[in-house]
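Topology and contacts: notes
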Amino acid sequence: MSDHTSKPIRSPSYPNMSLRDAVGAVAKIEGLYRAAPVDREAAARLLGYSSLSGPANKALAALASYGLLERAGKGETRVTSRAQGIIHAENDEERRENLLAAASEPKLFMELRDRFAGIAVPPEDGVVTYLNRQEFNPSAVKPAAKAFLQTMTYIEELKADQSHSDQSSGMVLPDAAKYGDAKVGDFVQWESQGTLQFPKPLRVRDVSDDGLWVAVEGSRTGIPMSEVTVETIAAPETATPPIFEFDEPEQKPSGGFEEWFRAKVGAEKQVLISYRGTGDISAKEIQKLIDMLAAQKAALED
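Residues numbered from 1 in each chain as written. Predicted model: local features only at pLDDT ≥ 70, side-chain atom pairs only at ≥ 80, totals over all residues. Heavy atoms only, no water.

1. Quick word on the pairing of strand β5 (residues 187-192)
We apply this condition: What makes two strands pair is DSSP finding at least two bridges between them. Strands here mean DSSP runs of E at least two residues long; helices mean DSSP runs of H or I at least four residues long; both are numbered from the N terminus.
Across two bridges, β5 lies against strand β7 (residues 202-207) in antiparallel orientation. Bridge pairing in β7 links Phe187 to Arg203. Pairing of β5 with strand β10 (residues 228-232) involves four bridges; the strand directions are antiparallel. Bridge pairing links Gln189 to Thr229 in β10.

Here you go:
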């Protein structure tokens, strides 16, 4: 008999990406279609999906949950005025206002902000525990918590950067859609005359000395730095520590043996020959040793 008193599992509607990533994604659609209607499958391809699959639908739904996309007809969508107010803001204040409105749009985010009122970025354990206690679908808890916390962190970064942005005369786009400043190893997109030139971001292989041109993998043609969008920043390289040769302290063989011969036979290999007995090693004994080593060599070659 089923338990009719148990609570049903909730499947909350939540964006599967942070607001920062969502703004970078919608900028790809806006850069080509502006505010005109676009087929959902075409929009999905601009986000890097080959078809309108489940993950593609989730990505488009995430943009809609922030109020960055809206329905434009059967099978179509369009970029909202809020998204354009972020991408083409006349000043930093307009951009911040639209970003704050977008961050508050998802209903689940509003619920979490009310639950953790007064805490800018709640602890992850607290958010996960709360969602579990609210009987959310276990598969949705971690992704929902991640998207919420990354968005709240992004909002705090915007607030901290407010004084700096107020001194800037130009618009500062989110990191995922920042033009120029590409470095070797970054994955970039190239937009020329309002059209994206690459089917997917490509890695920068070289930057001109004056910083005005970029070369990407698979191409010899220079691309204007001013038309490059940094999609993914290269991870910092970890320098391989050098190996310094040093003289090892002489160690006396144990068991009554005396060192007779020591030589380097490889980049990191040394051979030490020691012996025990009376008198020096004779030529006949050396030949016997050579024969033994030759036999060992032949065995290894076989």
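2. A look at the pattern of salt bridges
To keep it simple, the criterion reads: Only one rule defines a salt bridge in this text: a Lys or Arg side-chain nitrogen within 4 Å of an Asp or Glu carboxyl oxygen. Burial status follows relative accessibility: with a 1.4 Å probe on protein chains alone, a residue under 20% of its type maximum counts as buried, one over 50% as exposed, and anything between as partly exposed.
Scanning all chains against the criterion turns up eight salt bridges. For Glu217, the salt bridge identified is with Arg203, shortest N-O distance 3.5 Å. Of this pair, Glu217 sits in the loop between β8 (213-216) and β9 (223-224) while Arg203 sits in strand β7, and the two are 14 residues apart along the sequence. Judged by its relative accessible area of 33%, Arg203 is partly exposed.

3. A closer look at the nonpolar core
Proteins that are soluble and globular tend to have nonpolar side chains buried together. Counted only if it meets this: In this text, buried Ala, Val, Leu, Ile, Met, Phe, Trp, Tyr and Cys residues form a nonpolar core when linked through side-chain atoms within 4.5 Å. Here a residue-residue contact requires only that any non-hydrogen atoms of the pair lie within 4.5 Å.
Formed by 49 residues in total, the largest nonpolar core has its most connected members in Leu19, Ile29, Leu63 and Leu131. No other element matches the ten residues that helix α8 (residues 138-160) contributes to this core. Excluding its chain neighbours within four sequence positions, the residues that come into contact with Leu131 are Leu108, Leu112, Phe136, Val141, Ala144 and Ala145. Membership of the second largest hydrophobic core comes to ten residues, among which are Ala182, Phe198, Val214 and Ile223.

4. Topic: the environment of Pro143
Within the fold, Pro143 resides in helix α8. Overall, the relative accessible area of 33% leaves Pro143 in the partly exposed class. In this structure, the C-alpha to C-alpha distance between Pro143 and Asn16, residues 127 residues apart in sequence, is 6.4 Å.

5. Concerning unusual backbone geometry
A positive phi angle is found at Arg34, which is not glycine, with a value near 55 degrees. The topology assignment puts Arg34 in the loop between α1 (19-33) and β1 (38-39). By relative accessible area, which is 36% here, Arg34 ends up partly exposed. For Glu135, which is not glycine, the phi torsion reads 60 degrees and is therefore positive. Relative to the assigned elements, Glu135 resides in the loop between α7 (124-133) and α8.

6. Description of the sheet that holds strand β3 (residues 76-79)
How we decide: Every angle, taken between N-to-C directions, lies between 0 and 180 degrees, and every axis is a line fitted to C-alpha atoms, over only the stretch in contact when it is a helix.
Overall, antiparallel pairing links the three strands, which are arranged β1-β3-β2 in an open sheet. Only two strands of the sheet have a single neighbouring strand rather than two, namely β1 and β2 (69-73). Running over the sheet, α1 touches β1, β2 and β3 and is turned about 95 degrees from β3.

7. A look at the packing of helix α6 (residues 107-115) against α8
Counted only if it meets this: Each angle receives one of four descriptions, namely roughly parallel if under 35 degrees, roughly antiparallel if over 145, roughly perpendicular if within 65 to 115, and oblique otherwise. Ten residue types, Ala, Val, Leu, Ile, Met, Phe, Trp, Tyr, Cys and Pro, are classed as nonpolar, four, Asp, Glu, Lys and Arg, as charged, and the remainder, Gly among them, as polar.
It is the contact of α6 with α8, at a shortest axis distance of 11 Å, that shows an interaxial angle of 70 degrees. As the angle between them shows, α6 and α8 are arranged roughly perpendicular. In this structure, α6 contributes Leu108, Phe109, Leu112 and Arg113 to the contact, and α8 contributes Ala144, Ala147, Phe148, Thr151 and Met152. Its residues assigned to classes, the contact of α6 with α8 shows seven nonpolar, one polar and one charged.

8. Thoughts on the side chain of Ser18
Note that Ser18 resides in the segment before α1. Residue class for Ser18 comes out buried when judged on its relative accessible area of 5%. Apart from the residues lying within four places of it in its own chain, the contact partners of Ser18 are Tyr66, Ala147, Gln150 and Thr151.

9. Considerations on the pairing of β7
Here β7 pairs with β8 via three bridges, running antiparallel. Note on β8: the bridge partner recorded for Asp206 is Ala215. If you look at the hairpin formed by β7 and β8, you'll find five residues sitting between the two strands, and Gly211 has a positive phi there, around 75 degrees.

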